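What follows is the residue order along each chain.
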Amino acid sequence: MHPVILFDGECNFCDSSVQFIIKNDPQGLFHFASLQSDTGQELLNKHNVPSDIDSMILIEGDKVYYKSAAALRICRHLRGAWKLLYAFIIVPRPIRNAAYDFIAKNRYKWFGKKESCMLPSPSVRARFI
């Protein structure tokens, strides 16, 4: 099973992040679902994700990663120098997540919000579940 990234489909920053991941994941390792979709909601329920999690979520097999852990684990699989960001996993989680939470808290203010989820191009549509 491919790792699945759950993202806020109404967030411009999250949409840009997904596009960035697609561009830097030429092997197509990651699949995607918006948090607002039926599939996203089913995955959240299946993996008992708390409803107060305001984060990009990575599901790898039976393991679920939130916030900075998800972002760093995703970077580990991207091509190029992005892999090096995984070294930040040694930074204590509370410090990493404080930085993540600051960005997440301000993402709508800084980057805006969409009225609806993006529609993937035909070339990457198969990676969205």
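Here the structure is shown first, and the text comes after it.
This part covers the packing of helix H1 (residues 12-23) against helix H4 (residues 93-111). Where H1 meets H4, the axes come as close as 8 Å, and the angle between the chain directions of the two elements is 100°. Taken together, the axes of H1 and H4 lie roughly perpendicular to each other. Seen from H1, the contacting residues are Asn 12, Phe 13 and Cys 14; seen from H4, they are Ile 103, Arg 107 and Phe 111. The class makeup of the residues in the contact of H1 with H4 is four nonpolar, one polar and one charged.

This paragraph deals with the packing of helix H3 (residues 67-76) against H4. Packing of H3 against H4 brings their axes to within 8 Å, and their N-to-C directions diverge by 90°. In terms of their interaxial angle, H3 and H4 are classed as roughly perpendicular. Mapping the contact onto sequence places Lys 67, Ser 68, Ala 69 and Leu 72 in H3 and Arg 93, Arg 96, Asn 97, Tyr 100 and Asp 101 in H4. Looking at the contact of H3 with H4 residue by residue, the class counts come to three nonpolar, two polar and four charged.

The next thing to look at is the state of the cysteines. Counted by the stated rule, this structure contains zero disulfides. Just so you know, Cys 75 is unpaired, no disulfide at all, and the nearest cysteine sulfur is the one on Cys 14, 14 Å from it. What makes Cys 75 buried here is its relative accessible area of 13%.

Quick notes on the rules
- Along each chain, the written sequence defines residue order, and numbers are assigned to residues from 1.
- The model is predicted, so local features are restricted to residues of pLDDT at least 70 and side-chain atom pairs to those at 80 or more, both for listing and for counting; the totals for chains, interfaces and linings are taken over all residues.
- Working from all heavy atoms in the structure, the side-chain values ignore hydrogens and water.
- Structural elements are reduced to axes, namely lines fitted to C-alpha atoms, with helices fitted over the stretch in contact, and the angle between N-to-C directions of any two is expressed from 0 to 180 degrees.
- Secondary structure elements follow DSSP: runs of H or I of four or more residues count as helices, runs of E of two or more count as strands, with numbering from the N terminus.
- Angle categories: roughly parallel below 35 degrees, roughly antiparallel above 145, roughly perpendicular from 65 to 115, and oblique for all the rest.
- Residues count as neighbours in contact if any of their non-hydrogen atoms are within 4.5 Å of one another.
- For this classification, the nonpolar set comprises Ala, Val, Leu, Ile, Met, Phe, Trp, Tyr, Cys and Pro, the charged set comprises Asp, Glu, Lys and Arg, and every other residue, Gly included, is treated as polar.
- Put simply, a disulfide is two cysteine sulfurs that come within 2.5 Å.
- Burial here depends on accessible area, computed with a 1.4 Å probe over protein chains only, as a share of the maximum for the residue type. Under 20% is buried, over 50% is exposed, and the range in between is partly exposed.

Don't take any of this as a statement about function, it's just geometry.
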